Structure formats: C-alpha cells, structure tokens
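Topology and contacts: notes
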Amino acid sequence: MGMPTVYTTAHELSSLISRAKKSGKVGFVPTMGALHDGHLSLVNKALGENVLVVVSIFVNPTQFNNASDLKNYPRTLATDLDLLSAFDRVIVYAPSVDDIYPKNDFFEPIDLDGLDTRLEGAFRPGHFQGVVHVVRNLFNIVQPHRAYFGQKDFQQLAVIRRMVKRLNFTIEIISCQTHRSEDGLALSSRNIRLTDQGREDALIISQTLNYMKNLGHDETPSRVMELGAAYFSKENLSLEYLEIVDGESLMLLTNQWSAHSVCCIAAYCEDVRLIDNLEM
Ligand code: PAF
C-alpha cells in the first residue's frame, strides 16, 4: 500500500483520472483534511464501489465567513497521508488556492431555493455559496462518477444535491451515515480543538438530539424544540440553533411533523463551533 500519491495540480490529476476511467468508475471524497474515522469510512465505501478513489484535501477559504475560524481550522496533511496509506487505489489531490480558483474562474451565486440561507446559512452568510463554488470546481477537475459526503453535514448534502441538479452534473451523490464515538459525539475535524473537559461537555449535543427523538411525535415539533432547548441548557454550551425542519425543504416545522423530520443543532463549546443532526 504505502503513502498515496499526492497531486497538487488539476493538470497532473486529470491525465491520471482519464487513464483510470478506462478500467472503471472513479469515486471522489472531498475533504478539508484533518481526517478522522468518518472520512475514512467514506473512503472505504468509495473503494468498494470504484476502481480509483480521489480524496481532495483543501481548506477552502471561500466557505469561511470568519477569519479566525479559517486560521484555526486544523491542518494535518502529514497525518492525513499516513491515515490514507492504509488504503490501496487512493490518490490525493492537495491543490493550492490558485489551482482551485484560477484567474479565469467564473462563478455567480447559484440559486439553491433558499436551502443555503436557513440554519447554518443564517449564521454563516455566504458559507454555502463558498461550498458550492469549491465543490463545482472540484467536480469539474476530478469529474468523478460518484461523490461521497457525510450526513453530519446534513444541510451541505441538501445544498450539493440541489447544485448538482441546477448545474446538470451527472455525478451520483452518495450520503454516508454520521460516524460517532462510543459516547455519541459526532466525529468532526474540529473535535481535536476541544479540551478533555470540552469534549465531555459537548456530549450534551447528541444527548439532546436523542432526548428529543425519544419524545416521539405525540407532542408538536414546537414543543419538542422547547423541551430540547431546556434539556440542552443543563450544560454551559452556547446554542446557536436547535430546529426541527423538513428534511427536503429545510423549512422549520412547528405544528405538524413531516414524513422526513430532522432536528439540526449548532452550538459553541469552548469557542469551537459544532454541528449535529438526527432524524426525528
Ligand atoms: O465538508 C467539507 O469538508 C467541505 O465543506 C467540503 C465539502 C470538502 C468543501 O470544502
């Protein structure tokens, strides 16, 4: 197996991918690095379904609306490559900003039917346009048959599916279950910035989601959100939102449950912004 080959330019990568496509399908796992078991499970799934898997590692500046968040985002390329060396048939694309955003790059905000302005979008203006910009460019460079995304970023998945439809990409978008540690914390690259105490406190996030799910659908979504917020306030994390939404439109549910109701949460724990979600 050994270290994966790292490509830093779209040009080098494209010729390798064209050759691979002669023998089968190409899978793509876009990441911002600081890989954890959640990413590795995406790679594993992609390897089961494709002859070659491209993992991109690129901390995308256009999706950060906060300079200190961008600065503090973990960058661990050497460890990432080490983790990927456990796999065969994986190559890494770790480009520079100029390679992803060349001078002639043209991008106009994509109409995402408001999926980009709710929940995360309300607190991180421009975030999802930054995500669709980089993912569009990555898709154009890699041109995979399939792309793999984790359900922890539930809204991101909805946004990317909408972008794929809008821009007529023929790439199959595959969503993969959220990976959790045994005590329930959703795996995230940001978790490594938590102290031991912070990591302990952060458990209230998944505990609240489970508590709300267990309340069932006898109460209205509004009441479940109210009870959830009260439960969450036992711990001193700072809550940004805790919303039960329709899984397709991401519209807030108040009186009625929908066929696919999802509770989404974002909170700060020790200045680290964490998100999670659970189907209710
Ligand atoms: O989910 C992420 O890590 C990023 O948003 C993505 C999809 C790699 C785009 O930068």
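Refer to the structure printed above.
In this report, we go over the structure that sits alongside the text.

The rules behind these values
- Residues numbered from 1 in each chain as written.
- Predicted model: local features only at pLDDT ≥ 70, side-chain atom pairs only at ≥ 80, totals over all residues.
- Heavy atoms only, no water.
- Buried < 20%, exposed > 50% of the residue type's maximum accessible area, 1.4 Å probe, protein only.
- Helix = DSSP H or I, 4+ residues; strand = E, 2+ residues; numbered from the N terminus.
- Pairing = 2+ DSSP bridges.
- Right-handed = clockwise from strand over helix to strand, strands pointing away.
- 1 Å grid on protein atoms, 1.4 Å probe; cavity = no way out; pocket = protein on both sides within 12 Å on 5 of 7 lines; lining within 4 Å.
- Points joined across faces, edges and corners; volume = space filled by probe spheres on them.
- Nonpolar A, V, L, I, M, F, W, Y, C, P; charged D, E, K, R; others polar.

**What to know about the pairing of strand E3 (residues 52-57)**
Consecutive side chains along a regular strand alternate between the two faces of the sheet. Burial of E3 is extensive: six of the six residues sit out of reach of the surface. Here E3 shows two buried faces, one formed by Leu52, Val54 and Ser56 and the other by Val53, Val55 and Ile57. Both strand E2 (residues 26-31) and E3 contribute to a ladder of six bridges, which runs parallel. Counted as the bridge partner of Thr31 is Ile57 from E3. The parallel pair E2 and E3 is bridged by helix H2 (residues 37-49), and the resulting crossover is right-handed. Pairing of E3 with strand E4 (residues 90-93) involves four bridges; the strand directions are parallel. Opposite Val55, over in E4, you have Val92 as the bridge partner.

**Details of the layout of surface pockets**
Empty pockets left among the atoms are what a rolling probe the size of a water molecule brings to light. Each pocket or cavity is described by its volume, and for the largest pocket that value is around 450 Å³. Mapped onto the lining of the largest pocket, the elements with two or more residues apiece are helix H8 (154-166) and strand E9 (272-279). In terms of residue count, the dominant contributor to the lining of the largest pocket is H8 (five residues). Among the residues forming the lining of the largest pocket, the class breakdown is six nonpolar, seven polar and five charged.

Keep in mind these values describe shape, not function.
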